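Residues per chain are reported as follows:
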Amino acid sequence: MAVVAAWILVTLGVGHIVVGLVRFKKPLVQAMRAGFVGQFVDDRDRLTAFWFMIFGPLLVMSGHMEVHAANAADGELLKIIGFYLLAIGAVGSLALPKSPFWAGLVSALILIGAGYGWIS
């Protein structure tokens, strides 16, 4: 179950990247054409695009770390990432109730439970 929860994070991260490329195509292309460096600072659309896009690889990285922890039966790492994900998911769900942050909450609870040995 922990491996499935971890792969959900990887999937959410890939989805974040794909949705970001589609949703923020215009500001991302504009920033690239303008030279990329420093092009996200003073433009609200570009700034939003940057933060949306940068969250995707972080989710993928976290998911891969959890897959490794689950396969290695590393309960401590499962709990650490699970509790971070729980905090991010809780704040995100409260701030944006109609967002996929709830999936992070579910994954976090599974990972924490696996870390304590309650879920295999």
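Predicted model only: the values in this text are computed from it and were never measured.

About the criteria used
- Residues numbered from 1 in each chain as written.
- Predicted model: local features only at pLDDT ≥ 70, side-chain atom pairs only at ≥ 80, totals over all residues.
- Heavy atoms only, no water.
- Salt bridge = Lys/Arg side-chain N within 4 Å of Asp/Glu carboxyl O.
- Helix = DSSP H or I, 4+ residues; strand = E, 2+ residues; numbered from the N terminus.
- Buried < 20%, exposed > 50% of the residue type's maximum accessible area, 1.4 Å probe, protein only.
- Contact = heavy atoms within 4.5 Å.

Student: Would you mind showing me how to read the pattern of salt bridges here?
Tutor: Where side chains of opposite charge bring their charged atoms close, a pairing between them can arise. For the coordinates displayed, the defined rule picks out one salt bridge. Here Lys-79 and Glu-76 are joined by a salt bridge, their closest N and O atoms 2.9 Å apart. Of this pair, Lys-79 and Glu-76 are both found in helix 4 (residues 75-95), three residues apart, which corresponds to roughly one turn of the helix.

Student: Explain unusual backbone geometry to me, please; I cannot follow it from the model alone.
Tutor: The bulk of non-glycine residues show a negative phi, and the bulk of peptide bonds are trans. Positive phi, close to 65 degrees, is recorded for Phe-36, a residue that is not glycine. Checked against the element boundaries, Phe-36 lands in the loop between helix 2 (25-33) and helix 3 (44-71). Assessed through its relative accessible area of 43%, Phe-36 is described here as partly exposed. The phi dihedral of Ala-73 falls on the positive side, at around 55 degrees, and the residue is not glycine. Mapped onto the fold, Ala-73 is located in the loop between helix 3 and helix 4.

Student: Honestly, the environment of Ala-5 in this entry has me stumped. Any pointers?
Tutor: Tracing the backbone shows Ala-5 in helix 1 (residues 2-23). By relative accessible area, Ala-5 is classed as buried at 0%. A C-alpha to C-alpha distance of 8.6 Å links Ala-5 and Val-67, two positions 62 residues apart in sequence. With residues near it in sequence (within four places) discarded, Ala-5 still touches Ser-107, Ile-110 and Leu-111.

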